[in-house]
Amino acid sequence: MATRPRTAIALAPMTDDHAPAVMAIYQQGIDEGNATFETVAPPWSAFDTSKLPAHRLVALDPRRRVVGWTAVSRVSARPAYAGVVEHSVYVSPAVRGVGVGRTLLEALIGSTEKAGIWTIQAGIFPENAASLALHESAGFRVLGRRERVARHHGVWRDVLLVERRSPVVE
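Conventions we followed
Residues numbered from 1 in each chain as written. Predicted model: local features only at pLDDT ≥ 70, side-chain atom pairs only at ≥ 80, totals over all residues. Heavy atoms only, no water. Helix = DSSP H or I, 4+ residues; strand = E, 2+ residues; numbered from the N terminus. Rg over C-alpha atoms; globule rule 2.2 N^0.38 Å. Buried < 20%, exposed > 50% of the residue type's maximum accessible area, 1.4 Å probe, protein only. Contact = heavy atoms within 4.5 Å. Areas by Shrake-Rupley, 256 points an atom, 1.4 Å probe, with all protein chains shown as cover. Lys, Arg positive; Asp, Glu negative; His and termini not counted. Charge placed at Lys NZ, Arg CZ, Asp CG, Glu CD. Pairing = 2+ DSSP bridges. Core = buried A, V, L, I, M, F, W, Y, C linked by side-chain atoms within 4.5 Å.

## Focus: the overall build of the chain
Part 1: A count of helices and strands for the chain gives four helices and seven strands.
Part 2: The helix and strand sequence of the chain, counted from the amino end, reads β-α-α-β-β-β-α-β-α-β-β.
Part 3: Its C-alpha radius of gyration of 16 Å places the chain within 12% of the 15 Å reference for a compact globule of 170 residues.
Part 4: By residue count, 45% of the 170 residues in the chain fall in the buried class.
Part 5: Residue pairs at least 24 apart in sequence account for 63% of intrachain contacts in the chain once pairs closer than 6 positions are excluded.
Part 6: With the model as given, the accessible surface of the chain reaches about 9300 Å², and the carbon-plus-sulfur share is 52%.
Part 7: Each charge class in the chain was averaged separately, 20 positive and 16 negative side chains, and the resulting centres sit 1 Å apart.

The following block contains the structure:
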């Protein structure tokens, strides 16, 4: 099986200017049905306020078009969980399989570790094999399966809880 060549991308902090492209890529992932329980991308204002500003990145192709993004949210306002975040990573279908997701995830890991965040976690549908493989390759491990945790389009769905515990942040 031939592998696709890596795409030359640049990373940049996510800004309001990126909102239309970020929301379009998010909606593409939603429409595919195995990325999230969401059924429609939220308004930019809700997305913007729910994500930590220091850990939001976009991937830009050579024409400076957004082809992917990653962001994190706090899992709790309690001080004990200050070093634990939940993340999302989405890549445009046009550039999947060429390293965009891996580049975004590696940059996110670096960003969070510099900030003293010790755990990055996510819930991934078991059917999303590509996302599970990406996360495993970046050092995430499956902690467990949340069975029938919620309905998605009227169907009960399981979610695998994955996390990456930083080896450098104590």
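## A few points about the pairing of strand E6 (residues 141-152)
Part 1: Bridge count for E6 against strand E7 (residues 155-165) is eight bridges, and the pairing is antiparallel. Paired with Arg-146 across the two strands is Val-159, which belongs to E7.
Part 2: The hairpin turn running from E6 into E7, its antiparallel successor, is two residues long, and His-153 in that turn takes a positive phi close to 55 degrees.

## As for the pairing of strand E2 (residues 57-60)
Part 1: Side chains Leu-57 and Ala-59 of E2 all project onto a buried face; the interleaved residues Val-58 and Leu-60 project onto the opposite face, where all are buried too.
Part 2: Pairing between strand E1 (residues 10-13) and E2: four bridges, direction antiparallel. Among the inter-strand pairings, Pro-13 is bridged to a residue of E2, identified as Leu-57.
Part 3: In this structure, the hairpin formed by E2 and strand E3 (residues 66-74) is closed by a connection of five residues, where Arg-64 is found at a positive phi of approximately 70 degrees.

## A short note on the nonpolar core
Part 1: Within the largest apolar cluster, 25 residues are counted, with the highest numbers of intra-cluster contacts made by Val-100, Leu-104, Leu-105 and Phe-140.
Part 2: Not counting residues within four places of it along the chain, the set of residues in contact with Leu-105 comprises His-87, Leu-134, His-135, Ala-138 and Phe-140.
Part 3: In this structure, Met-14, Ile-25, Val-58 and Ala-71 belong to the second largest nonpolar core, which totals 17 residues.

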